[in-house]
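Chain and residue survey
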Amino acid sequence: MQWRSLVLGLLLLRLGLQALLTLLPALAPGLCLRLRFPFPFPPPPPAGLIPPAPAAGPAIGPASSHWGSLLRRGGGGGAAGGDEYERRYSGAFPPQLRARLRDAARGMFVFGYDSYMQHAFPRDELDPLHCRGRGPDRHDPSNLNINDVLGNYSLTLIDALDTLAVMGNSSEFQKAVKLVIDTVSFDKDSTVQVFEATIRVLGSLLSAHIIITDTKQPFGDMTIKDYDNELLHMAHDLAVRLLPAFENTKTGIPYPRVNLKKGVPPDSHNETCTAGAGSLLVEFGILSRLLGDSTFEWVARRAVKALWSLRSNNTGLLGNVVNIQTGRWVGKQSGLGAGLDSFYEYLLKSYILFGEKEDLEMFNDAYRNIQNHLRRGREACNEGEGDPPLYVNVNMFTGQLMNTWIDSLQAFFPGLQVLIGDVEDAICLHAFYYAIWKRYGALPERYNWQLQAPDVPFYPLRPELVESTYLLYQATKNPFYLHVGMDILQSLEKYTKAKCGYATLHHVVEKTKEDRMESFFLSETCKYLYLLFDEENPLHKSGNKYMFTTEGHIVSVDERFRNSLWQDILPGEEASSEKVKPNELKAVNFSSNCNRVPDERRYLLPLKSNYMRQIDRMVGLI
């Protein structure tokens, strides 16, 4: 194989250099610095110092500042020879550097969280430029960008609960849980999006409840004195207030929004996106199984099946917007980004959590159709000729290309591919998004791959690229992904840090900021960065199995969620108790499912340098 030839060549090169040093001792001091192991490290920078990010643009070279010196001297800079990609990314990653990056990620979270608590709590979000809080826009009910998310229920505090636990901060976790129990109520005249309330609020309450009641307490003592399942009761209360969205709909697909006090607004739209309506099953299913009440899982599963029944007979694809009364597709675009992303994610994750065979079957069919109709480029990621693999937006009925842009939400997909074992394909798609990040120091919300320019240039601190980076590192243990995480961390610190937190980038080219720090920055972006660099985290070492929700909340994967206490079935269907064992999960287009990247490739580039260069050229980086 080609990688074996590369390894042999590098070994011969090293032996040759060592022989040269023996013959020419005068040169040894200058050359052995790159060849000896272990290597000396420079002293750490002053506390709180985070080295600046490398300038966004075409340069491809060693990282800057103290971190860069660690890489050049600490064994992480790759071989002395080779091209610029190998010099920068291959080789081991110094543990001292990794520890400092872990601490920097924790510091990023702490600064954002403390700023929210000081300047914004009990309001929903922090305005990091003006150091104040924000809640729903009562003056403009049509401002859905705000009102879909902010429900006047201390959103950021709730969304950050399990991040506190993952980082081992038991005292602040306990304090925050008590604040939520004592101060948060869902009896509010707030109209919110069912999807956002479910993944951000319901999911976090359930995650924190699971952490508190875990008898093993892997993250430290996260128990709450005299805890009486209050977070579970709050989750139940919220879910009951969301249930009216599932009523009076002819298809079983829920309304997109609900008023927490009054139910579905009388002027509510009959159109909803596939992801919003079909990504409720994980949280609703957990709630049902913890309560022993099938209602919540039943309505969420009915919505998934209703959407699934509307897929194209020709392509098997779904659209992105549907009428909940007629079942007609209003938006006929099929892709992996906004409007569809988490629908696919939750087909797989619902199976992982609950073991229902039908979820796996739907996911496998969906994945096969995605590969057949959305995937472009060469067949193999790491060999052959042609363009690198890319997933495009097509017409759901014909499979024909609809446009030439992709959005930043699609960057989650490599992480999903890791979960099914399609690691090689994940490597290529991730490399494409990382190339865009390198060019701008952020991911534009929408990027036109034909024009090599952003179509929608803002970046709201989204976590999807970090999430895929973390999962690819867990699958491959390749230090390349630690370099990627370092680049992301540096860019966030350089371009998005504000007076009182971290701010949305209004324009990724101009680097102008918007006065908003979305709650998912603390619940996802900071969490995935921290876990990427924290190899010893209990989440990795405790022996427990965890899964991340689409909002990055951790839930334990255990038998209690695989056993339901009811036999409720959908009308016209037969009951089925058939469960699928974890080792039966197969990626439908991948021959060596779940194989990790071989150890021999561990310190080589995950993607050959010529293919990396091709991708960088495609996004205008070089």
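Conventions adopted
- Residues numbered from 1 in each chain as written.
- Predicted model: local features only at pLDDT ≥ 70, side-chain atom pairs only at ≥ 80, totals over all residues.
- Heavy atoms only, no water.
- UniProt positions renumbered as here; feature names shortened; annotations may be inferred.
- Helix = DSSP H or I, 4+ residues; strand = E, 2+ residues; numbered from the N terminus.
- Buried < 20%, exposed > 50% of the residue type's maximum accessible area, 1.4 Å probe, protein only.
- Polar contact = N/O pair within 3.5 Å; in protein donor to acceptor, adjacent residues only side chain to side chain.
- Contact = heavy atoms within 4.5 Å.
- Disulfide = S-S within 2.5 Å.
- Salt bridge = Lys/Arg side-chain N within 4 Å of Asp/Glu carboxyl O.
- Pairing = 2+ DSSP bridges.
- Axes fitted to C-alpha atoms, helices over the stretch in contact; angles between N-to-C directions.
- pLDDT = per-residue confidence, 0-100.
- Phe/Tyr/Trp six-rings, centres within 6.5 Å; stacked < 30°, edge-to-face > 60°.
- Lys NZ or Arg CZ within 6 Å of the ring centre and 35° of its normal.

1. Notes on the UniProt feature "binding site: Ca(2+)" (unreviewed entry) in the protein chain
Per the UniProt annotation, the sites labelled "binding site: Ca(2+)" (unreviewed entry) are Thr550. For Thr550, the location among the structural elements is in the loop between strand E19 (546–548) and strand E20 (554–556). Given a relative accessible area of 14%, Thr550 falls into the buried group. A polar contact of 2.8 Å, which involves the side chain of Thr550, links it to the side chain of Glu345.

2. Details of the UniProt feature "active site" (unreviewed entry) in the protein chain
UniProt marks Glu196, Asp341, Glu445 and Glu464 with the feature "active site" (unreviewed entry), using the numbering shown here. Mapped onto the elements of the fold, Glu196 is located in helix H10 (residues 194–213). Locating Glu464 in the fold gives a position in helix H19 (residues 464–476). Given a relative accessible area of 11%, Glu464 falls into the buried group. Excluding residues within four positions of it along the chain, Glu464 makes contact with Ser408, Leu409, Ala411 and Phe412.

3. Side note on the state of the cysteines
This model, assessed by the stated rule, comprises 2 disulfides. Covalent S-S linkage joins Cys131 and Cys500, the inter-sulfur distance amounting to 1.8 Å. Taking the torsion about the sulfur-sulfur bond, which here is approximately 80°, the covalent link between Cys131 and Cys500 counts as right-handed. Taken together, the positions of Cys131 in the loop between strand E1 (125–127) and strand E2 (132–134) and Cys500 in the loop between strand E15 (497–498) and strand E16 (501–502) put the pair 369 residues apart, joining distant regions of the chain. Exposure remark for Cys131: the relative accessible area of 16% places this residue in the buried category. Across a sulfur-sulfur distance of 2.3 Å, Cys381 and Cys428 are joined as a disulfide pair. A torsion of 95° about the S-S bond marks the disulfide between Cys381 and Cys428 as right-handed.

4. A closer look at the pattern of salt bridges
Counted by the stated rule, this structure contains 32 salt bridges. Between Arg462 and Glu445 there is a salt bridge, with the nearest N and O atoms lying 2.7 Å from each other. In this pair, Arg462 sits in the loop between strand E14 (453–456) and H19 while Glu445 sits in the loop between helix H18 (423–440) and strand E13 (446–448), placing the two residues 17 residues apart along the sequence. Taken individually, Arg462 and Glu445 each receive the classification buried, so the pair is uniform in this respect.

5. Describing the pairing of E14
Pairing between E13 and E14: 3 bridges, direction antiparallel. The partner of Asn448 across the bridge, within E14, is Ala453.

6. Some words on the sheet that holds E14
Strand order in the open sheet made by the 3 strands is E12-E13-E14, with antiparallel pairing throughout. Looking at which strands have only one partner, the edges of the open sheet turn out to be strand E12 (405–407) and E14. Each adjacent strand pair in this sheet contributes to an overall mean axis angle of 35°, direction not counted. Together, E12, E13 and E14 form the strand contacts of H18, whose direction differs from that of E13 by roughly 95°.

7. A closer look at the confidence of the model for the protein chain
One rule of thumb: low pLDDT means the predicted coordinates there are not for detailed reading. When the pLDDT values of the protein chain are averaged, the result is 86; 81% of them are 70 or greater. In the predicted structure, residues 10–55 sits below a pLDDT of 50 and forms 47 contacts with residues beyond four places in sequence or in another chain. Below a pLDDT of 50 lies the segment residues 569–577, which in the model reaches 9 contacts outside its immediate sequence neighbourhood of four places, other chains included.

8. Describing the packing of aromatic side chains
The full count for this structure, using the stated rule, is 24 aromatic pairs. Seen from their ring centres, Phe219 and Tyr546 are 5.8 Å apart, and the 50° between their planes marks the pair as tilted. Here Phe219, found in the loop between H10 and helix H11 (230–242), pairs with Tyr546, found in strand E19; they are 327 residues apart in sequence, far enough to count as distant. The exposure classification of Phe219 matches that of Tyr546, with both residues buried. Here the aromatic rings of Phe432 and Tyr433 are separated by 6.0 Å at their centres, their planes lie at 90°, and the arrangement is edge-to-face. The residues Phe432 and Tyr433 share a single accessibility class, namely buried. Among the aromatic residues, ring-to-ring pairing joins Phe363, Tyr367, Tyr391, Phe412 and Phe413 into one connected group. Cation over ring: Lys511 sits above Tyr495, and NZ or CZ is 4.8 Å from the ring centre.

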